[in-house]
Amino acid sequence: MRKSESINYEDLRKEVSNLFINVLTKKLSIREALASFPKDCEDKTIIASWHALCHLEADEELRQKDSLYKKEQDEYIEFIAFTLQKGEALPQNITDSYLPYYNDTLISESNTIKGIIHKLKKFLCC
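The model shown is predicted, which means the values in this text are computed figures rather than measured ones.

Rules used throughout
Residues numbered from 1 in each chain as written. Predicted model: local features only at pLDDT ≥ 70, side-chain atom pairs only at ≥ 80, totals over all residues. Heavy atoms only, no water. Axes fitted to C-alpha atoms, helices over the stretch in contact; angles between N-to-C directions. Helix = DSSP H or I, 4+ residues; strand = E, 2+ residues; numbered from the N terminus. Parallel < 35°, antiparallel > 145°, perpendicular 65-115°, else oblique. Left-handed = near helix turned anticlockwise from the far one by under 90°. Contact = heavy atoms within 4.5 Å. Nonpolar A, V, L, I, M, F, W, Y, C, P; charged D, E, K, R; others polar. Buried < 20%, exposed > 50% of the residue type's maximum accessible area, 1.4 Å probe, protein only. Expected span 1.5 Å × (residues − 1).

Structural notes on the packing of helix α3 (residues 44-58) against helix α5 (residues 67-85)
As a packed pair, α3 and α5 sit with axes 11 Å apart at the nearest point and diverge in direction by 155 degrees. Viewed along their axes, α3 and α5 adopt a mutual orientation that is roughly antiparallel. Judged by the sense of rotation from one axis to the other, the crossing of α3 with α5 is left-handed. On α5, the residues that touch Thr 45, Ser 49, Ala 52, His 55 and Leu 56 of α3 are Gln 73, Tyr 76, Ile 77, Ile 80 and Leu 84. By residue class, the composition of the contact of α3 with α5 is six nonpolar, four polar and no charged.

What follows is the structure, encoded as structure tokens:
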């Protein structure tokens, strides 16, 4: 991306909203949705959304055992989807709750020079 180009996070959030809706309607698996997230994205809302889907997948066993937990988590995921659908940022408390995980984000980088350098830095620093 050239410096003169600006990233339209509002549009990216709407794209991510579609991924959430497709997961909720079972048109996509969570893994397929995660693999489809925007590459090289630095938007805290999109990164937090990625982590929310990771937690949804990780909690599958608990969701099967606890219907109240499943209901609350589904409402939380719906809230994220509808917020993103409007192109809005998630509330600060939600993005902050995922801050400890930001260094663990596995959103794929693109195969651009920037993406390759970022992958290399992650490999060498960890």
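From this point on, the discussion continues.
Topic: unusual backbone geometry
Within the chain, Lys 26 stands out as a residue other than glycine whose phi angle is a positive 60 degrees. If you trace the backbone, Lys 26 turns up in the loop between α1 (9-24) and α2 (30-35). Here Lys 26 falls in the exposed class, since its relative accessible area comes to 73%.

Re α3
The end-to-end C-alpha distance of α3 is 21 Å, a good match for the 21 Å that 15 residues give at a rise of 1.5 Å each. For α3, every residue scored as buried is listed here: Thr 45, Ile 46, Ile 47, Ala 48, Ser 49, Trp 50, His 51, Ala 52, Leu 53 and Leu 56. Those residues of α3 hidden inside the fold are in contact with α1, α2, α4 (60-65), α5 and α6 (92-97).

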